[in-house]
Amino acid sequence: MKHELTCIGCPKGCRMTATLDDGVVTSVNGQGCARGVTYARQECVDPRRMVTSLIPIPGHRRPLSVKTAEAIPKGSIASCLDAIHNARVQLPVRIGDVVLSNVAGTGIDVVATADYLQ
Ligand code: SF4
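Residues numbered from 1 in each chain as written. Predicted model: local features only at pLDDT ≥ 70, side-chain atom pairs only at ≥ 80, totals over all residues. Heavy atoms only, no water.

**Q** Any chance you could explain the overall build of the protein chain here in plain terms?
**A** Helix and strand content of the protein chain: two helices and nine strands. Tracing the protein chain from N to C terminus, the helices and strands come up as β-β-β-α-β-β-β-β-α-β-β. Computed over its C-alpha atoms, the radius of gyration of the protein chain comes to 18 Å, more than 25% above the 13 Å expected for a compact globule of 118 residues. A buried classification covers 31% of the 118 residues belonging to the protein chain. The contacts of the protein chain with a sequence gap of at least 6 include a subset with a gap of at least 24, amounting to 42%. Working note: accessible area of the protein chain is about 7,200 Å², and carbon and sulfur atoms make up 51% of it. (Helix = DSSP H or I, 4+ residues; strand = E, 2+ residues; numbered from the N terminus. Rg over C-alpha atoms; globule rule 2.2 N^0.38 Å. Buried < 20%, exposed > 50% of the residue type's maximum accessible area, 1.4 Å probe, protein only. Contact = heavy atoms within 4.5 Å. Areas by Shrake-Rupley, 256 points an atom, 1.4 Å probe, with all protein chains shown as cover.)

**Q** Even after reading the chapter, I still don't get the site of the ligand, so can you show me in this structure?
**A** Near the ligand the following residues occur: Cys7, Gly9, Cys10, Lys12, Gly13, Cys14, Gly32, Cys33, Arg35 and Gly36. Of the residues in the shell around the ligand, the class split is four nonpolar, four polar and two charged. (Near = heavy atom within 4 Å. Nonpolar A, V, L, I, M, F, W, Y, C, P; charged D, E, K, R; others polar.)

**Q** Sorry, what's going on with the nonpolar core here?
**A** The nonpolar side chains of soluble globular proteins are, as a tendency, buried together. One finds Ile55, Leu64, Val66, Ile84, Val89, Val99 and Leu100 to be the most contacted residues of the largest nonpolar core, which totals 18 residues. Listing elements by their share of this core, those giving two or more residues are strand 6 (64-68), helix 2 (77-85), strand 8 (98-100) and strand 9 (110-112). With near-sequence residues (within four places) excluded, isoleucine 84 lies in contact with Val51, Ser53, Leu54, Ile55, Val66, Leu100 and Val110. Among the nonpolar cores identified, the runner-up in size contains eleven residues, and Cys14, Ala18, Leu20 and Val25 belong to it. (Core = buried A, V, L, I, M, F, W, Y, C linked by side-chain atoms within 4.5 Å.)

**Q** Looking at this model, I keep getting lost on the environment of alanine 87. Mind explaining?
**A** Within the secondary structure, alanine 87 sits in the loop between helix 2 and strand 8. On the basis of relative accessibility, which here comes to 7%, the residue alanine 87 falls in the buried class. For the pair alanine 87 and glycine 59, spaced 28 residues apart in sequence, the C-alpha separation works out to 15 Å. Not counting residues within four places of it along the chain, the set of residues in contact with alanine 87 comprises Ile55 and Leu100.

**Q** How should the environment of valine 93 be read in this particular structure?
**A** Tracing the backbone shows valine 93 in the loop between helix 2 and strand 8. Residue classification places valine 93 among the buried positions, given a relative accessible area of 5%. Between the alpha carbons of valine 93 and aspartate 115 there is a distance of 5.7 Å; along the sequence they are 22 residues apart.

**Q** Help me understand the side chain of serine 53, please; the structure alone is not making it clear to me.
**A** Within the element layout of this structure, serine 53 appears in strand 5 (residues 52-55). With a relative accessible area of 14%, serine 53 lands in the buried category. For serine 53, the side chain forms a polar contact with the side chain of histidine 85, separated by 3.3 Å. Setting aside residues no more than four positions away along its own chain, serine 53 makes contact with Leu64, Ser65, Val66, Leu81, Ile84 and His85. (Polar contact = N/O pair within 3.5 Å; in protein donor to acceptor, adjacent residues only side chain to side chain.)

**Q** Please clarify how the sheet that holds strand 8 should be interpreted in this entry.
**A** In a beta sheet, neighbouring strands are held together by backbone hydrogen bonds and run either parallel or antiparallel to one another. The strand order across the open sheet formed by four strands is 5-6-9-8, and the pairing between neighbours is antiparallel. This sheet does not close on itself; its edge strands, each paired only once, are strand 5 and strand 8. Averaged over all pairs of adjacent strands, the angle between their axes in this sheet comes to 40°, without regard to strand direction. As paired elements, strand 8 and strand 9 share two bridges and run antiparallel to each other. Within strand 9, the residue paired with valine 98 across the bridge is valine 111. Each of strand 5, strand 6, strand 8 and strand 9 touches helix 2; the most contacted strand, strand 5, lies at about 25° to it. (Pairing = 2+ DSSP bridges. Axes fitted to C-alpha atoms, helices over the stretch in contact; angles between N-to-C directions.)

Take a look at the structure:
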């Protein structure tokens, strides 16, 4: 089975073709560098994305910006966003602080991307 995909590793956006046999990537073509091969192998068997979002802080105009500490499975993105939007945060928060642990059962935390002291 052939799988066409576009690498998101850099602005070049190489169009690649991965060949799968029984769910195993057997070859990748079209990549401009080795990162494309790594991306294609991951994308074909366990696609993941970083999630960034904002958490409103009651009584404050500016929301807290957050992101997942690592890319999470694409199938968990909606649950992750639900958890983020339902999160209640105690100030102060420092950049890198864990805002949600093990978000959506992924084993990955959501962390603050900026200080929010008051
Ligand atoms: S394969 Fe390499 S050169 Fe091509 S888009 Fe991905 S990172 Fe960029």
